[in-house]
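A closer look at the structure
Each chain is listed here by its residues.
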Amino acid sequence: MTERLVYIRVKENTGILWCGVVVAPQRFTKDLAWILSTFTCTSSKMSQLHPLIQLQQMAEPLLNVQEMQFWLDKAVAWGQADSSDTQKDTCLHLSRLRDFLQQLLSHINNMSSTTETMKRLPLLGQFLGRLCWNPYVTADGTGRRLLFQCLWGLYSEHPGNAVERKANQWIRKVLCQLATEEDDAAAQALMNQMGVPPKEYHLKVLRKMVELLQKNIGKSCRSLGDINQRCSCDNILATSEACVPLVTYPEAAPLIGALLQQPMTCVRAALSEDFLDALSSAYSSQCLSLEEQAVVSLWYHNLSSLEKAVLSLLECVLTKTGSIPQMLKEQLAQSLLPKACAQHCTIFLVVNDIFRSILKQAEGNESVKYIIQTFTNCFLQEVALLQHQTSVSLKAFFPQSPQSLLVPLLTRLSEMPQEVWRHHLNWLSGSLQRLTEEEEDGDGDSSSSTRGHHKLFEAWFLLVQCGHWVQVAVQLLVTSGPEDRGPLLWLLTFYHHPTNRGHHRALQLVRAKEAWHHLHSLFLVSARPLPVALLQSLVTLLSPQPQQPSLSPLLILKLLVNFAVFFQQSLSGSTEILQTVVERSGLVDEAACVLCSLELRLNEGSCLSSDVNRVHLRIKALQDTLTHMHAAPSPTENQAHTHSHLKHTHIHTHNNAQNHTAVSSSSAQGFFRAPMQNDK
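Residues numbered from 1 in each chain as written. Predicted model: local features only at pLDDT ≥ 70, side-chain atom pairs only at ≥ 80, totals over all residues. Heavy atoms only, no water.

**What about the overall build of the chain?**
Scanning the chain for helices and strands turns up 34 helices and 4 strands. The burial tally for the chain puts 51% of its 680 residues in the buried class. By sequence separation, contacts in the chain at least 24 residues apart represent 72% of the contacts at least 6 residues apart. (Helix = DSSP H or I, 4+ residues; strand = E, 2+ residues; numbered from the N terminus. Buried < 20%, exposed > 50% of the residue type's maximum accessible area, 1.4 Å probe, protein only. Contact = heavy atoms within 4.5 Å.)

Shown next as structure tokens:
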């Protein structure tokens, strides 16, 4: 698929190029028209550039003659790419060639004139000319644009000497030849005889070639009696290499999908790394549209594309204000990542390792924890849908997690009778307490301490992934008897403060019990006005001092919201308490998010209350109250908003091949306006 100029007319006295384009069967696509129209009525080269780009380009080192000679030798060797070896070599060097052309373009733009450019790089014209006639080079969209920009960078609007005038003539001649030459006389004769337009002819040829290549790679590899006979899987590598310049062409999409989904039945069926890198780059920049299964296969074959997808999703979610749990769940499901993880254990291990690395750097970031919890929930739902199609056990997905906690925590609420949830959580709390005791006992021995810290972190990481049990624990703290309060409060405190920094775990547990007693006493009050001392104590706990080992405000906020929903207090009384406390502490948005998360869990059928309708009505009424408060914020809330800030965490993730990727994640205002972590 190429485009050709219908006519080119140059006014010698002005240097203005007029052009019109139609689709024709030559080497250049519509990008030729784009390049020409971009440089129509050419002005000074540097005036085309943004000042920032100018500064960046001026800082780049100038090219040298030796480097130009290397690429000129390559262009000569490639010739017209007649043999399979030269075709392969051209495709393998396209990525580096694009980088070189980008440097070359910067070099040309940094020169004061074409004369100076030609003095520094006397082989430049020969190099560009040879590239213009290489169909594998001009088939690559990015390389083609850079090539034409280099040509137009050499065009002088007002030629000042014979060198520049000759360069202008040469550039016009090259463009005219490209626009008019027909080196495929047989194809042209066939098109004239059949009356088929060039565009239609070449589209059909391309589609037919794609169809034939698809059938060819679709042949299954079978054992060959003759060891000297060529394996049919050799075609897969060669075809993938040939597809590198075509990854952004819609007509090649069926072939690309077939290559990605080709079963790996033979060691010779590997795809070209250049092909996978080109696909990853095109897909991440939204220049390529793939079917769902093809995307999953791309992630399976190319680790860097998977990392880009995960980090891009995290950045999008964490920096998007106004997000709510339901929207987050939908966004994660639409990303295809949970489905891909359920289909391929190796994909899940990579994604899980990225989450693990992020959590180590952002222990107190509730946005990150909620994303991990929601993602794991979506993943488990996809695993349940595939349980009859796969034999992979959950232990394979979570090899580092304590095996004694794996099944109990990964058990979904719908898979267990509600009447045993209380006993289940008490057992989980006891098991985690024993792990923390083992960690503290091993603090004297460095090796034992390291193993203990790792085991405890993996247990906490699994608890974060299965945060639905923590949500149930908060509800039970409101509705259960005093015999369950100790284990459940310990579990909730451990979830928010897992590291025991400064050996403050015991003190934090004492303050959690204090917060529970304050809330319980406040919601027992029926007389009005509300006791000022109780209200002030709660506000103080929700506004911790930075230099003290404070309790996580979100722990207290979750207790407050659950008391307002499930405690046997009148709706008006619960609304007044919630409204007063969150207004004074400036946590209206956070309380709304906790309510929304609670509603989402209850909608999934995991409500312990016998009066489900009453619970939903109370949630709706409390949400309406918080919405009205958000529309008309108080002076206290305004002050809290003024002092709130986004916490940025630089995250370094790595895979088994020790590839490192850096990302900066921030706590979104729509989730939790500021990180609620004051554990020192």
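**Points about the side chain of arginine 601**
Position of arginine 601 relative to the elements: it lies in helix H32 (residues 588–603). The exposure class assigned to arginine 601 is buried, which follows from its relative accessible area of 4%. Within the local environment of arginine 601, its side chain forms a polar contact with the side chain of glutamine 475, the two groups lying 2.8 Å apart. (Polar contact = N/O pair within 3.5 Å; in protein donor to acceptor, adjacent residues only side chain to side chain.)

**Some remarks on the nonpolar core**
Among the nonpolar cores identified, the biggest contains 170 residues, and Leu104, Phe127 and Phe275 are the most heavily contacted of them. It is helix H30 (residues 553–566) that provides the largest number of residues to this core, a total of 11 residues. Beyond its immediate stretch of four places on either side in the chain, phenylalanine 275 contacts Ser240, Cys243, Val244, Val247, Ile256 and Leu259. (Core = buried A, V, L, I, M, F, W, Y, C linked by side-chain atoms within 4.5 Å.)

**Regarding the confidence of the model for the chain**
The share of residues in the chain with pLDDT of 70 or more is 72%, and the mean pLDDT across the chain is 76. Overall, residues 635–680 carries pLDDT values under 50, and its contacts beyond four positions in sequence, including any with other chains, amount to 118 contacts. (pLDDT = per-residue confidence, 0-100.)

**Details of the packing of helix H27 (residues 485–496) against helix H28 (residues 505–524)**
Where H27 meets H28, the closest approach of the two axes is 10 Å, and the angle between their N-to-C directions is 120 degrees. It follows that H27 is oblique to H28 by the angle criterion. Viewed along their axes, H27 and H28 form a crossing whose handedness is right-handed. Here Arg485, Leu489, Trp490, Thr493 and Phe494 of H27 lie close against H28, whose contacting residues are Arg505, Gln508, Leu509, Ala512, Lys513, Trp516 and His517. Taken together, the residues of the contact of H27 with H28 sort by class into 6 nonpolar, 3 polar and 3 charged. (Axes fitted to C-alpha atoms, helices over the stretch in contact; angles between N-to-C directions. Parallel < 35°, antiparallel > 145°, perpendicular 65-115°, else oblique. Left-handed = near helix turned anticlockwise from the far one by under 90°. Nonpolar A, V, L, I, M, F, W, Y, C, P; charged D, E, K, R; others polar.)

**Notes on the packing of aromatic side chains**
Per the counting criterion, the structure on display carries 18 aromatic pairs. Judged by centre distance (4.2 Å) and plane angle (20 degrees), the ring pair of phenylalanine 348 and phenylalanine 379 falls under stacked. In this pair, phenylalanine 348 sits in helix H20 (residues 345–361) while phenylalanine 379 sits in helix H21 (residues 366–385), placing the two residues 31 residues apart along the sequence. Given a relative accessible area of 1%, phenylalanine 348 falls into the buried group. On the accessibility criterion, phenylalanine 379 (0% relative accessible area) is buried. Look at phenylalanine 348 and phenylalanine 398: their rings are 5.1 Å apart centre to centre, the planes differ by 65 degrees, and that puts the pair in the edge-to-face class. (Phe/Tyr/Trp six-rings, centres within 6.5 Å; stacked < 30°, edge-to-face > 60°.)

**So, the pattern of salt bridges**
What the rule picks out here adds up to 9 salt bridges. For arginine 356, the salt bridge identified is with glutamate 458, shortest N-O distance 2.9 Å. Here arginine 356, found in helix H20, pairs with glutamate 458, found in helix H25 (residues 446–465); they are 102 residues apart in sequence, far enough to count as distant. Residue classification places arginine 356 among the buried positions, given a relative accessible area of 8%. Assessed through its relative accessible area of 0%, glutamate 458 is described here as buried. Residues aspartate 484 and arginine 422 are paired through a salt bridge, measuring 3.1 Å at the closest nitrogen-oxygen approach. Here arginine 422 lies in helix H24 (residues 421–441) and aspartate 484 lies in the loop between helix H26 (468–479) and H27, a separation of 62 residues in the sequence. Residue class for aspartate 484 comes out buried when judged on its relative accessible area of 3%. (Salt bridge = Lys/Arg side-chain N within 4 Å of Asp/Glu carboxyl O.)

**A short note on H27**
The end-to-end C-alpha separation of H27 is 17 Å, in line with the 16 Å expected for 12 residues at 1.5 Å each. Among the 12 residues that make up H27, 9 are buried, leaving the element largely enclosed by the rest of the structure. Every buried residue belonging to H27 is among Leu488, Leu489, Trp490, Leu491, Leu492, Thr493, Phe494, Tyr495 and His496, and all of these are buried. (Expected span 1.5 Å × (residues − 1).)

**Some words on the side chain of arginine 618**
Positionally, arginine 618 belongs in helix H33 (residues 612–631). For arginine 618, a relative accessible area of 5% puts it in the buried group. Ignoring anything within four residues of it in the chain, the contact list for arginine 618 reads Ala564, Val565, Phe567, Gln569, Ser570, Leu571 and Ser574.

**Points about empty space enclosed by the protein**
A full pass over the atoms with the stated rule returns 5 cavities of 30 Å³ or more. Taken as a whole, the largest cavity spans an internal volume of roughly 240 Å³. In this structure, the largest cavity is lined by 18 residues; those nearest its centre are Tyr370, Gln471, Lys558, Val594 and Ser597. Counting residues per element, the ones that place at least two in the lining of the largest cavity are H21, H26, H30 and H32. At 5 residues, H32 tops the list of elements feeding residues into the lining of the largest cavity. In terms of lining residues, the second largest cavity is bounded by Val310, Leu313, Leu314, Leu332, Leu337, Phe355 and Ile371. Among the elements that take part in the lining of the second largest cavity, helix H17 (residues 303–318) stands out by supplying 3 residues, more than any other. Residue composition of the lining of the second largest cavity, by class: 7 nonpolar, no polar and no charged. (1 Å grid on protein atoms, 1.4 Å probe; cavity = no way out; pocket = protein on both sides within 12 Å on 5 of 7 lines; lining within 4 Å. Points joined across faces, edges and corners; volume = space filled by probe spheres on them.)

**Let's talk about unusual backbone geometry**
Backbone geometry at glutamine 286 places phi at a positive 60 degrees, although glycine is not the residue there. Checked against the element boundaries, glutamine 286 lands in the loop between helix H15 (273–284) and helix H16 (292–301). Phi angles above zero are rare outside glycine, and leucine 336 is one such case at about 75 degrees. When you line up the elements, leucine 336 lands in the loop between helix H18 (325–334) and helix H19 (337–343). Under the relative-accessibility criterion, leucine 336 is labelled buried at 11%.

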